[in-house]
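Chain by chain, the residues:
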Amino acid sequence: MTAETAANKAANANEVDVLIVGAGPAGLMMAMWMAQYGIKTRIVDKRGSKIFNGQADGLQCRTLEIFDSFEFGHRAWMESNHMLEICLWNPDEEGIIRRSDRIPDTIPGISRFQQVVLHQGRIERFFLDAIQSCSDIQVERGVLPSKLEVDTSLVEDADAYPITVTLRHLSEEEATPKQTATSQNGTSIQDGLFRSNLAPDDTAELINGAKLNDKANTEEVVRAKYMLGADGAHSWVRNQLGFKLEGESTDYIWGVLDIIPITDFPDIRMRCAIHSRDAGSVMVIPRENKLVRLYIQLTTTAKIGEGGAKADRSKITPQTILQSAQRIIAPYKLDYRKLDWWTAYQIGQRVGTQFSMDERIFLAGDAVHTHSPKAGQGMNVSMQDAFNLGWKVASVVKGLSNRTILKTYQSERRRIAQDLIAFDHRFSRLFSGRPAQDVMDEEGISMQEFKEAFEKGNLFASGIAVDYGSSIIVAKKGSSEEQGDGTDVAVQNKNLQVTSVQTLASKIEVGKRIPSFKVLNQSDARPSHLQELLRSNGRWRVIIFAGDVTEPAQATKLKTLGAQLARPQSFLNRFTPPSGRYDNVFELLVVHKAPRRDVSVFDFPEVFRPYDEVDGWDYWKIFVDDESYHEGHGQIYQNLEVNPEGCSVILRPDQHVSYVGPMDAYDDLDSFFAGFMIPQATKSSGHI
C-alpha cells in the first residue's frame, strides 16, 4: 500500500454522510431515519450517559403514531401512563379551590392513540434498541465538537463533503453533568438543572477542561456531507453558525417535582390544572410507576434580577418548590417520601432565525425553539422536526431526490415552531396568571377563557393538526411563502406543477398526515389500521382508492392506470434504482370498496400485486373497505369522504399527504415526482 493510498484510506475512515450532534430524542430520531436508509452516520453527545430520570415526559398522539411506524410504539404504549381526563380546579367565591370541570385529555376520535406520559430515558432506550436492530450506528458519548468549518464552494456538489468538524473526546468526569447536590434519607437525588434555561451553557468550560486533561485530550477531524445540530437550547452548532433565537422571557419561574405523593387531594391521578386565588398555579401530571409530576409556579422565591437577569438558582430547592405547591393546593395536604427528579425553569418563547445553513447544516429541537413544557410539546415537536428532516436528507444522500426538497425543512418546521410559540405564549400566560375574582377584575384571568384555550390547545398539542404548506412536495393551492415561513419552496418548472383536487376526498387533507381507519386485506381478510401499513421505511406511497371495481367503469380506469404504471418509462421505473426491489422507493396500495367476496387479487392489474421469483405474488398491497369478522367495519370511504369514483393519493415517507387527485390521473402522478426526483439508470427490460 502506497503512502498516498494509506492517507486516502485514513481520510475516508473519517468521512460520513451525516454527523449528528446531540443524542437526545431529536438526534435519535434523525439517527433512526439514517439507520432505516443505511446511511453512513455518526452521532455524538457531550454527556457521558443517556437520561435515566426526569426530563420530558409527555407523548402526544402524533408522536405515538410515528413510534408505531418505526415498530416500537407498542413499547411506549404499554409502559406509559395513559391520561384520559383533565380536571380543572379553580377558587370559589371564598377563595377555596374546587373542581370546576372535567374534559377529555385527548379529543375523542382524532387518533387511534391518546396522550400518555413516560420519562425521556425510556424513550431514548426505545430508539437505541431500534437503531441497533437495523444498523451499526452507536451513540458516541463524552464527545463534543470544538471546531466547525464549511467550504461554501462545495455545498451544491452532491458528492462533496463540505463540512469539517473537529471532535474532542472528554474524560468520564468531564462528561458527567455537574448536578446540584440534593439528598434524601442519605440518597442522592438527580436534578435537571444542568439542562434548564436557568443554568449557563457549559460547552466552553468542557472544551477548555479537556485541553488541560492529558487523558481526554484527543481530537479527530471528521468530514461530513450533512450535519444536524440537535444539541439543545445552548446549541454549540447554532452558535458556530451565528444564528440567533428571537423572542422573550417572562418573569414566571416554575419548579418541577417527580414524586410519589402523599396527599388527600382527590384528583392526584388525573391530569389537573389548578389555579389558586393568589398563590399561583400547579399542573398535575400522573406518571408511570406511581410517580406524579408537578409543575409548580414559584411566586415567593427566586425572583428575576434587575435587567431581566436569570433567577438565583441557589434559592431553588425541592423543599422550596414543595412549599409553593402546598400553598397552591391548600386546604389539601401534600408531601412526599420519595423524590425521583426535580428541576426549575424560566418561561420564555423563542424561535430560531434560521433552521439551516445552505441546506447542509440543520438545527432541530430546542436548538431552534424554546417554550414552556406544560403543553407537552417540547420533546414531541423536537422529534417531529427530525422526523420531517431525516427522510429528506437520506433520500438526497442516496441520490433519489435532488437537493431542492431540503429547503422545505425550514419552510415547514419553522412555521410550526412559530405557531407553537404563539400558542404557548397565550397558554402559559393564562396558566400563570391570577384568576379573575369577578367580571370587573380586568387584571385577572378568565377561567372560562382558560378552559376554551385548553380545549383548543389540545388539538394543536396532539400534533394531528400539523399542516404543511404548498411546496415542491405538497401539491396544494396557494403561495408556498405565505403557507410556510416565507421561504420560496414552490415547483420552479411550471410544466411539472400539479394541484390537488381536495373535493375527491375532503378528509384526506393535503399537507396533513393521513387519518387512519380499519381496512381488510383482500387475500386473507385480516383487518389493519391504514396507518399500520405505512411504516417509516423511506417509501413514497401511492394509494389508489379504486371504488367499486365490480363496476365496469371503475374496472376500466384501474386497468388503464395499471398499464401506465407498468410501462418501462413510468415514474416507478425511472426513479427506482435498477438493482432495487420493486417497492424500495415507491409502494403502490389499492383500497377498493367492492364486496370482498366478489373479487380476488387476480382481478387487479399485476403492478398492484407484483411477482417475485422467490416470494411469489405480493398479497399485501390490495385492501378493501368491508366488514371484518371480529373488529367491525372501518368505513374508510365514508370517514374520509372519498368520492365513489375513487381517487389517487400520494403520501410522503412521513405519512403526510402530498396530493389528492382523480383515480386515473397518471400524468399528475408522473409530473409530481418529476419535479424533484432524480432519474436512475434503467434496466434493459421493465422494472415491474
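Residues numbered from 1 in each chain as written. Predicted model: local features only at pLDDT ≥ 70, side-chain atom pairs only at ≥ 80, totals over all residues. Heavy atoms only, no water.

What counts, and what does not: UniProt positions are given in the numbering used here, feature names are shortened, and annotations may be inferred rather than shown by experiment.
If you look the protein chain up in an unreviewed UniProt entry, it shows as Phenol 2-monooxygenase from Cyphellophora europaea. For the protein chain, the Sequence similarities (unreviewed entry) comment in UniProt is given as "Belongs to the PheA/TfdB FAD monooxygenase family."

**A word on the overall build of the protein chain**
Rule in force here: Secondary structure elements are taken from DSSP: a helix is a run of H or I of four residues or more, a strand is a run of E of two residues or more, and numbering for both begins at the N terminus. For every residue, the accessible area obtained with a 1.4 Å probe (protein chains only) is divided by the maximum for its type, and the residue is called buried under 20%, exposed over 50%, and partly exposed between those limits. In this analysis, two residues are considered to be in contact whenever any of their non-hydrogen atoms come within 4.5 Å of each other. Note on areas: Shrake-Rupley with a 1.4 Å probe; residue coverage comes only from the protein chains shown.
A tally of regular secondary structure across the protein chain gives 16 helices and 31 strands. Expressed as a percentage of its 688 residues, the buried residues of the protein chain come to 59%. A separation threshold of at least 6 residues defines the contact pool for the protein chain, and within that pool the share at least 24 residues apart is 75%. Summed over its atoms, the accessible surface of the protein chain is roughly 28,100 Å², and 47% of this surface lies on carbon and sulfur atoms.

**Some thoughts on helix α8 (residues 318–329)**
Operational definition: Expected helix span is computed as 1.5 Å times (number of residues minus one).
Taking 1.5 Å per residue, 12 residues should reach 16 Å; α8 reaches 16 Å between its end C-alpha atoms and fits that length. Listing the buried residues of α8 in full gives Pro318, Thr320, Ile321, Leu322, Ser324, Ala325, Ile328 and Ile329.

**Topic: the sheet that holds strand β24 (residues 527–529)**
The condition that has to hold: What makes two strands pair is DSSP finding at least two bridges between them. Working convention: axes come from line fits to C-alpha atoms, limited for helices to the stretch in contact. Angles between N-to-C directions cover 0 to 180 degrees.
Taken in spatial order, the 7 strands line up as β24-β23-β29-β26-β25-β30-β31 in an open sheet, and their pairing is mixed. The sheet is open, and its two edges are formed by β24 and β31 (657–661), each paired on a single side. Strand-to-strand, the axes of this sheet are offset by a mean angle of 30°, without reference to chain direction. Pairing analysis gives 2 bridges linking strand β23 (residues 518–521) to strand β29 (residues 622–624), with the strands arranged antiparallel. Looking at β29, one finds that Asn521 is bridged to Phe623. The strands that helix α13 (residues 552–566) touches are β25 (540–547) and β26 (586–592); relative to β25, the one it contacts most, it runs at about 155°.

**Here's the deal with the nonpolar core**
Just so we agree on the cut-off: Put simply, a nonpolar core is a bunch of buried Ala, Val, Leu, Ile, Met, Phe, Trp, Tyr and Cys residues held in one set by side-chain atoms that sit within 4.5 Å of each other. Where each domain starts and ends follows an automatic or database-derived domain assignment.
Residues Leu59, Phe67, Trp540, Phe571, Phe608 and Phe673 are the most contacted members of the largest nonpolar core, which totals 113 residues. Formed jointly, this core draws a minimum of three residues from each of two domains, domain 1 (14–82 + 115–186 + 204–245 + 350–416) and domain 2 (498–675). Leaving out residues up to four positions away in the same chain, Phe608 has contacts with Ile544, Leu558, Leu561, Gly562, Leu565, Leu588, Val590, Lys621 and Ile622. Formed by 28 residues, the second largest nonpolar core is a distinct cluster that contains Ile274, Val282, Ile316 and Ile328.

**Details of the side chain of Glu288**
Along the chain, Glu288 turns up in the loop between β17 (281–286) and β18 (292–297). Each residue touching Glu288, except ones within four places of it in the same chain, is listed here: Glu79, Asn81, Val117, Leu118 and His119.

**Description of the side chain of Lys557**
The line we're drawing: For the purpose of counting charges, residues Lys and Arg are taken to be positive, whereas Asp and Glu are taken to be negative. His and the chain ends are not included. Within this document, salt bridges are pairs made up of a side-chain nitrogen of Lys or Arg and a carboxyl oxygen of Asp or Glu, the two lying within 4 Å of each other.
By the element assignment, Lys557 lies in helix α13. It turns out Lys557 is buried and unbridged, and the closest side chain with the opposite charge, Glu645, is 4.3 Å from it. When sequence neighbours within four positions are dropped, the list of residues in contact with Lys557 reads Glu645, Met663 and Asp664.

**Description of the environment of Glu359**
Where we set the bar: Two N or O atoms form a polar contact when they lie within 3.5 Å of each other; inside protein one atom must be a possible hydrogen donor and the other a possible acceptor, and for residues adjacent in sequence the pair counts only when both atoms belong to side chains.
Relative to the assigned elements, Glu359 resides in the loop between β20 (356–357) and β21 (361–363). Along the backbone, Glu359 and Gln410 are 51 residues apart, and their C-alpha atoms lie at a distance of 9.1 Å. At 3.4 Å, the side chain of Glu359 forms a polar contact with the side chain of Ser356.

**Thoughts on the pattern of salt bridges**
In total, this model carries 41 salt bridges according to the counting rule given. With a closest N to O distance of 2.8 Å, Arg652 and Asp654 form a salt bridge. Using a relative accessible area of 0% as the deciding quantity, one classes Arg652 as buried. On the accessibility criterion, Asp654 (1% relative accessible area) is buried. The network of salt bridges with common partners includes Arg539, Arg541, Arg581, Asp583, Glu587, Asp618 and Lys621.

**Focus: the packing of aromatic side chains**
Cut-off, in case you're wondering: The criterion for an aromatic pair is that two Phe, Tyr or Trp rings (for Trp, the six-membered ring) have centres within 6.5 Å, with stacked assigned to planes under 30 degrees apart, edge-to-face to planes over 60 apart and tilted to the rest. For a ring to carry a charge above it, either NZ of a lysine or CZ of an arginine must fall within 6 Å of the ring centroid while also lying within 35 degrees of the normal to the ring plane.
Going through the model one piece at a time under the given rule, you end up with 30 aromatic pairs. On the numbers, 5.9 Å between centres and 85° between planes, the contact of Phe602 with Trp617 is edge-to-face. Of this pair, Phe602 sits in the loop between β26 and β27 (611–612) while Trp617 sits in strand β28 (residues 616–617), and the two are 15 residues apart along the sequence. Ring pairing ties together the aromatic residues Trp33, Tyr37, Phe67, Phe70, Phe72, Phe126, Phe127 and Phe387, which thus form one cluster. A cation over a ring is seen here: Arg360 above Tyr226, with NZ or CZ 4.6 Å from the ring centre.

**Comments concerning the sheet that holds strand β7 (residues 116–117)**
With antiparallel pairing, 3 strands are arranged side by side in an open sheet as β3-β7-β4. The open sheet has two edge strands with one neighbour each: β3 (58–59) and β4 (81–82). When β3 meets β7, the two strands line up antiparallel, connected through 2 bridges. Note that in β7 the partner of Gly58 across the bridge is Val117.

**Some details on the packing of helix α2 (residues 25–37) against helix α5 (residues 120–134)**
Threshold: Any angle that falls under 35 degrees is termed roughly parallel, while one over 145 is termed roughly antiparallel, one within 65 to 115 roughly perpendicular, and all others oblique. Crossing handedness follows the turn of the near helix against the far one: under a right angle anticlockwise gives a left-handed crossing, and clockwise gives a right-handed one. Asp, Glu, Lys and Arg are counted as charged, while Ala, Val, Leu, Ile, Met, Phe, Trp, Tyr, Cys and Pro are counted as nonpolar; the rest, among them Gly, fall into the polar class.
It is at 9 Å that the axes of α2 and α5 come closest, and there the two elements cross at 15°. For the element pair α2 / α5, the angle class is roughly parallel. For the pair α2 and α5, the crossing hand works out as left-handed. Each of Pro25, Leu28, Met29, Ala31, Met32, Ala35 and Gln36 in α2 lies in contact with α5, whose residues at this interface are Gln120, Glu124, Phe127, Leu128, Ala130, Ile131 and Cys134. Classifying every residue of the contact of α2 with α5 by side-chain character gives 11 nonpolar, 2 polar and 1 charged.

**Looking at unusual backbone geometry**
Omega for the peptide link from Ala330 to Pro331 comes to 20°, which places this bond in the cis form. Following the sequence through the fold, Pro331 ends up in the loop between α8 and β19 (334–352). Phi is positive for Gln635, which is not a glycine, with a value near 50°. Here Gln635 shows up in the loop between β29 and α15 (636–639).

**A word on the pairing of β31**
On a regular strand, each side chain points to the face opposite its neighbour's, so the side chains alternate between the two faces of the sheet. Burial analysis of β31 places 5 of its 5 residues in the buried class, which makes it a mostly covered element. In this sheet, β31 lies alongside strand β30 (residues 647–651) in antiparallel orientation, the contact comprising 4 bridges. Following the sheet pairing, Ser648 is matched in β31 by Gly661. What sits between the antiparallel neighbours β30 and β31 is a turn of 5 residues, in which Gln655 has the positive phi angle 70°.

**Some points on the pairing of strand β6 (residues 97–104)**
Strand direction decides the pairing type here: strand β5 (residues 85–91) and β6, joined by 7 bridges, are antiparallel. Bridged to Leu88 within β6 is Asp101. The antiparallel hairpin formed by β5 and β6 contains 5 residues in its connecting segment, where Gly95 sits at a positive phi of about 85°.

**As for the environment of Arg567**
Within the secondary structure, Arg567 is located in the loop between α13 and α14 (571–574). Note on Arg567: relative accessible area 31%, which makes it partly exposed. When residues no more than four places from it in sequence are discounted, the contact partners of Arg567 are Asn573 and Tyr666.

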